[in-house]
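Tertiary structure, described
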Amino acid sequence: MAIIRLKKKMHPAQKFLLILAALLLAAGLFGMWFEKTFRIDLQQDVKVLLIGDDARYTEEEIRAYVFDARFKQYSVLLKWYYRSHEVVPPLYLEKITVEVEDGGTVLIKAYEKNPIGALWEMGNYLYFDSDGMIVSTRKENVEGLPVVKGLTYTSVALGKTFETQNPALFHVIMNLVRQLEKQQVTADTILFGSNDSVTLYCGGNVVELGIREAYDVQIQVLRSMLEEIEKADVRYHINMENVYDGTESVIATVISEDDGDSEDGDDDTPEGEDDGEDGGEPTDGEG
């Protein structure tokens, strides 16, 4: 007589629990492997380069800014994320780049905003960037950038765009400074007269530009003239008020070295400026 044993069927609930346990175990093992392989040590694996002179942010602040979400603390996810995203820089930075290198190390480069000009206000040089935002203030013109003098400002505050009493002059200033930078013309001072006419002081040369909304043509012509003047070791008073596209000649008269030096340099203060006032950090409404 044969005995036949019947195979006991597993209850569906038991089968589900076994599968769930297996999945949880696999997920746990994968998580441990992922954590060990891709987790970034923010102190040892991350190098921060601050490019600029002001050092408004510390390395720790830059780290915290970049790794603002937990998933970014894993190299593979960080690399994937920054393939399609850029870091939106904080106020005083031009940009931040993130590079995930072999081995999971991370290189962060933080670029400070580059000033292109300065305002002379309350005994300070207030440096502004290409958007007209005040990015730093100094007692001396350490940047060697063109300094705007002769104007009154309704707002000069760090981290904000400066405002002139005559709003139209903001655009004039930005046009001038951008053109000087583009044409690689070195100007010590941009002086606005009482009628808002513009005079440049360039290494002892005095250049009258007159009143315009844009000075693109004049700065382009001036660049060629200064290249020739530098060869002759002579300083000129140049009248460019009537220079337009197609102008064939420019009026220039020789000035003595003493006359040129009296208007040259960043220490010149136009009549009416108080060079002795020791101002603190600029605030809104001052000027």
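Description of the structure in this document.

**Section: the overall build of the chain**
From N to C terminus, the chain includes 6 helices and 14 strands. Contacts in the chain between residues at least 24 apart in sequence constitute 54% of all its contacts with a sequence separation of at least 6. In the form shown here, the chain has an accessible surface area of approximately 17500 Å², with 51% of it arising from carbon and sulfur atoms.

**A look at helix H3 (residues 75-84)**
Every buried residue of H3 is listed here: Ser75, Leu78, Tyr81 and Tyr82. For H3, the angular spread of buried residues about the axis comes to 125°, placing them on one side. The exposed residues of H3 that point more than 90 degrees off its buried face are Trp80, Arg83 and Ser84.

**Details of the side chain of Asn205**
Within the secondary structure, Asn205 sits in strand E12 (residues 205-210). Reaching out from Asn205, the side chain makes a polar contact with the backbone nitrogen of Tyr236 at a distance of 2.8 Å. Residues in contact with Asn205, not counting those within four places in the same chain, are Leu200, Leu226, Ile229, Val234, Arg235 and Tyr236.

**A closer look at the pattern of salt bridges**
This model, assessed by the stated rule, comprises 5 salt bridges. Of the charged contacts in the structure, one is a salt bridge between Glu59 and Arg63, with a shortest N-O distance of 4.0 Å. Taken together, the residues Glu59 and Arg63, both in helix H2 (residues 59-66) and 4 residues apart, mark about one turn of the helix. Under the relative-accessibility criterion, Glu59 is labelled partly exposed at 38%. Among the salt bridges present, the one from Glu227 reaches Arg223, with a minimum N-O distance of 3.4 Å. Linking Glu227 with Arg223, this pair stays in helix H5 (residues 216-232), spanning 4 residues, or about one helical turn. Its relative accessible area of 30% is what places Arg223 among the partly exposed residues. What you see here is one network of salt bridges that share partners, running through Glu59, Glu60 and Arg63.

**Some thoughts on the nonpolar core**
Of all hydrophobic cores here, the largest spans 64 residues; its most connected members are Phe162, Phe192 and Leu200. Take this core: its biggest share by element is 8 residues, from helix H4 (residues 168-182). When near neighbours in sequence (up to four residues on either side) are disregarded, Phe162 contacts Leu119, Phe128, Gly132, Ile134, Tyr153, Ser155, Val156, Phe170, Ile173 and Met174.

Quick notes on the rules
- Residues numbered from 1 in each chain as written.
- Predicted model: local features only at pLDDT ≥ 70, side-chain atom pairs only at ≥ 80, totals over all residues.
- Heavy atoms only, no water.
- Helix = DSSP H or I, 4+ residues; strand = E, 2+ residues; numbered from the N terminus.
- Contact = heavy atoms within 4.5 Å.
- Areas by Shrake-Rupley, 256 points an atom, 1.4 Å probe, with all protein chains shown as cover.
- Buried < 20%, exposed > 50% of the residue type's maximum accessible area, 1.4 Å probe, protein only.
- Arc of directions from axis to C-beta.
- Polar contact = N/O pair within 3.5 Å; in protein donor to acceptor, adjacent residues only side chain to side chain.
- Salt bridge = Lys/Arg side-chain N within 4 Å of Asp/Glu carboxyl O.
- Core = buried A, V, L, I, M, F, W, Y, C linked by side-chain atoms within 4.5 Å.

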